[in-house]
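# Structural features, examined
What follows is the residue order along each chain.
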Amino acid sequence: MKKFVYAVWPLLFFAAGVFAQSDNNRWTDLWQTPAVNYYSVKHAFDSVYADKDEELHALKGTQATGSGDRDENEDLDGMYFQFKRWEYFMQPRLGPNGETTLPATTYQRFMDYLQSNPAAMAQHNASVARTATSNSWSFVGPTGAPTNSGAGRVNCVRFDPNNTNIIYIGAPAGGLWKSINGGSTWTCLTDYLPVIGCSDVAIDPTNSNIIYIATGDRDAGDSPSIGVMKSTDGGITWNTTGLMFNNNQGRKVARLLIDPGNPNILFAATSGGIYKTQDAGVNWYQMSSLNTMDMEFKPGDPNTIYACKTALYTSTNGGITWSIAAGLPPGNQLTRISVAVSPAAPDNVYVLASLASDYGYYGLYVSTNDGVSFSQRNGSPNLLGWNADGGDSGGQGWYDLSIAVAPYDANTIIVGGVNIWRSDDGGYNFYLNAHWYGGGGAPYVHADCHDLIFEPGTSGSYFAGCDGGIFHTGNDGASFEDLSNNLCIAQIYRVGLSQQNAGTLITGHQDNGTNVKVGSNYFSGLGGDGMDCFIDRTNDNNMFGELYYGDFYRSTNGGASWNGITNGLTGSGGWVTPWVQDPVDPNTLYAGYDQVFRSTDLGSNWSPTGSTMIAATDIQVAPSNHNYLYVTSGLTLLRSTDAGATFSNITFGINSGGASISRIAVCPYDEKKLWVSISGYNNNQKVYYSSDAGATWTNISYGLPNIPANCITAVPGSMSDAIFVGCDVGVYYHDNSMAGWQPYFTGLPNVPVYDLKIYKPAMLLRAATYGRGVWECQIDQSVLVPQAGFSANATSVCPGTPVQFTDLSTLNPVA
């Protein structure tokens, strides 16, 4: 069967373009095309948004500092931000010619690594068995949503067919979660799958232990799909099915349907066609080449199926043949449609349509003849926009588009875009049911609704999956409850640690802002997308966070309030702009824009140094000699020995195979020793080491899996040059006594690790993951020795002026 699936690839690629029925110059159409070339998408995007970068940079220091992910200026199309998130993930993971299919190979590459490395397999098995070891990882946070923020994105919400207290949700990079008590608490079922993103779930109605998941992220590409996976023991263990994608196909699985009368029959809606199995997933057959984003059975008749992306197609014979519906707008005017049905009116089909031009609301269309023909019932207000009165234009219809019809009343319809709207008269009129910040007198539900579902057997109760988690109303939307509770699905770009208190840290989240943890209190600091962040190593009250492109903020009261600190910054920073505190002088900060900027007053004012480059991706200052700066920008690595006055290119000797240098680590006691991590999929090209400030390099990659290496950190107190590297799956350890690398991931979910930091007083290694929050483990102290260290609040003073010293020694020395 696998040979058959792979063989039809050329046909599917052709069919995808036909089904789109739209101008392929639109970047969203290209983006959702299987195996699309990155540069084609970027070119199409840039041709539309050429002026948006300047507009966004002009807003630095003026953004709101509220909660949620919609602090973006509303004049800036929300699609801009969605693309930039995808671009940040995809660019370091491209194939040689811009192929976007390599992330889907992570599954097999990691499995190959486990098979060839007994120590790694032992750690993996210990993780699956939940066996604790001396250096096992444990979860730090956030548990649920930080106060006034969101937990993370939810793609789908599904009920156990036999018990509505059992609920499943799928997160784009955080996996499948299950609640057995109506959403009060949650358990993750997929932590140790090599790919843990989930877009849909189907449960066997005759045996609830049989579960199917659509892997990957259908709406934004935050994780790749490897096809459909199956569990027969309630999610304890998982196996592949016959629908597994070849490495070069770049597919998405958007929807799974299971025949209620014959659970051996399932349908999968994918970007490469509609597939059907009649033997519970062993073999799958392509029933159509339609690129499909949504699909429903006719209530009471599973032989009648409705499938759609920019047009609606109907099959009345179990998927053998398909016919296109009449009465809907032409496909080239639409970016996406979603479909809903209700057993209260089984002949009715409801279609929510989004405009191609600005991704706003086109209209609600209803068929009363099983999808043969449609008529428009509503075209205003703008149900997909941001405003509480629907008076704006535009939206995010390609990204968040959901509709549900009450199973007990076909006149009750709810629609989700940025907000949630409701109709009680069959769709002729709508009113606001929930709003992204509680505007218009409506209750608050976090922005960007990806799924809506009514609770079976109950009136007035429905659930919403959105960018902030899962929300529930039991009174038709009069009020909502956030049920994210202990969901741990935060997609975190960076983490910053206090060096005074183990319980204090700061994290930058996709979709859900910059958040602060102090003890057990995890709360929102900044809105928007949270990026690079850190805490003053000498004063926990001073915290630093940023929005996209280096929009820097500082708090002087532990995160309670924030002020913009971008005075003097010019040019452009990256999507995640790196900035650091000088390890000697705490008042000095460095930031990597298209040149390096310095501030000597904790960010209040900035001035350029001597470098010129494209937007920097990492910047590090040597702890042993703060005149040494190292900066990377994609394929380029620069060094300064005079605090940024001049820079030299030290890239020569790093053979990255065209992959990006992701991060830099500098030895704590020798400014000339440094390491760089490499992204991409070039085997044995993951980590390079220099002992002479970059004059020469040694490849020390051997023994790492062939998956992207995202971050690297050096261990203070180690006399053996101990380092850790974080990859798309797992953390790995190396020192100069080893020829290879030791796996260091017992208990850590198989999720991309985007940042590694060390809490020095207790030697805790902390990992910021893109989908499962922050984790920590104890570093094996047998490789360490105590290291003395201190900082001062002033380093140049007049005689008699008091100086406050802070002990920064590691491993608790007693003398």
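Quick caveat: nothing in here was measured; it's all calculated off a predicted structure. (Residues numbered from 1 in each chain as written. Predicted model: local features only at pLDDT ≥ 70, side-chain atom pairs only at ≥ 80, totals over all residues. Heavy atoms only, no water.)

### A few points about the overall build of the protein chain
- Helix and strand counts for the protein chain come out as eight helices and 58 strands.
- In terms of C-alpha radius of gyration, the protein chain reaches 26 Å, essentially the compact-globule figure of 28 Å for 815 residues.
- In the protein chain, which comprises 815 residues, the proportion classed as buried is 65%.
- Excluding contacts between residues fewer than 6 apart, the proportion of contacts in the protein chain whose partners are at least 24 apart in sequence is 53%.
- For the protein chain, the exposed surface amounts to about 26,100 Å²; the carbon and sulfur share of it is 49%.
- Taken together, the 40 basic and 68 acidic charged side chains of the protein chain have centroids lying 6 Å from each other. (Helix = DSSP H or I, 4+ residues; strand = E, 2+ residues; numbered from the N terminus. Rg over C-alpha atoms; globule rule 2.2 N^0.38 Å. Buried < 20%, exposed > 50% of the residue type's maximum accessible area, 1.4 Å probe, protein only. Contact = heavy atoms within 4.5 Å. Areas by Shrake-Rupley, 256 points an atom, 1.4 Å probe, with all protein chains shown as cover. Lys, Arg positive; Asp, Glu negative; His and termini not counted. Charge placed at Lys NZ, Arg CZ, Asp CG, Glu CD.)

### So, the environment of G592
- When you line up the elements, G592 lands in strand β39 (residues 589–592).
- Spatially, the C-alpha atoms of G592 and Y630 are 10 Å apart, while their sequence positions differ by 38 residues.
- Those residues in contact with G592 that sit more than four places away from it in its chain are T577, P578, A616 and I619.

### Quick look at the side chain of T609
- Within the fold, T609 resides in the loop between β41 (607–608) and β42 (618–621).
- Take T609: its relative accessible area is 13%, and that puts it in the buried class.
- Setting aside chain neighbours within four positions, we find T609 in contact with Q595, V596, F597, R598, A643, G644 and F647.

### Considerations on the sheet that holds strand β48 (residues 687–690)
- The strand order across the open sheet built from four strands is β46-β47-β48-β49, with neighbouring strands paired in antiparallel fashion. For this open sheet the edge positions go to β46 (661–666) and β49 (698–699), each flanked by a neighbour on one side alone.
- In this sheet, strand β47 (residues 674–678) lies alongside β46 in antiparallel orientation, the contact comprising five bridges. Looking at the pairing, R663 lines up with S677 of β47. (Pairing = 2+ DSSP bridges.)

### Quick notes on the sheet that holds β41
- If you walk across this open sheet you meet the four strands as β38-β39-β40-β41, and the pairing is antiparallel. Of all strands in the sheet, those bounded by a partner on one side alone are β38 (579–581) and β41.
- Of the pairings in the sheet, the one linking strand β40 (residues 596–599) to β41 comprises two bridges and is antiparallel in character. Residue pairing for β41: R598 is matched across the bridge by S607.

### Things to note about the confidence of the model for the protein chain
- When pLDDT is averaged across the protein chain, the result is 90; 92% of the residues are at 70 or more.
- Per-residue pLDDT stays below 50 along residues 1–25; that stretch engages in 58 contacts with residues further than four places along the chain or on separate chains.
- In this model residues 64–75 is a low-confidence stretch, pLDDT under 50, and it forms 51 contacts with partners more than four residues away in sequence or in other chains. (pLDDT = per-residue confidence, 0-100.)

### Comments concerning empty space enclosed by the protein
- Applying the stated rule across the entire model yields four cavities of 30 Å³ or more.
- Of the voids in this model, the largest cavity is the one considered here, and its volume is about 310 Å³.
- Along the wall of the largest cavity there are 26 residues; nearest its centre are M90, T100, G250, R251 and K252.
- Counting residues per element, the lining of the largest cavity draws most heavily on helix α6 (residues 78–90), at three residues.
- Along the lines of polarity and charge, the residues of the lining of the largest cavity split into 11 nonpolar, 11 polar and four charged.
- Considering the residues around the second largest cavity, the lining is formed by 18 residues, among which P194, S223, P224, D728 and P752 are closest to the centre. (1 Å grid on protein atoms, 1.4 Å probe; cavity = no way out; pocket = protein on both sides within 12 Å on 5 of 7 lines; lining within 4 Å. Points joined across faces, edges and corners; volume = space filled by probe spheres on them. Nonpolar A, V, L, I, M, F, W, Y, C, P; charged D, E, K, R; others polar.)

### Looking at the pairing of strand β33 (residues 521–526)
- With respect to burial, β33 is a largely interior element, five of its six residues being buried.
- Looking at chain direction, strand β32 (residues 513–518) and β33 are connected through five bridges and run antiparallel. Following the sheet pairing, T514 is matched in β33 by L526.

### Quick notes on helix α7 (residues 106–116)
- Among all positions of α7, only T106, Y107, F110, Y113 and L114 are buried. One side of α7 holds all its buried residues, which, seen down the axis, span an arc of 130 degrees. Residues of α7 that are exposed and point more than 90 degrees away from the buried face comprise Q115 and S116. (Arc of directions from axis to C-beta.)

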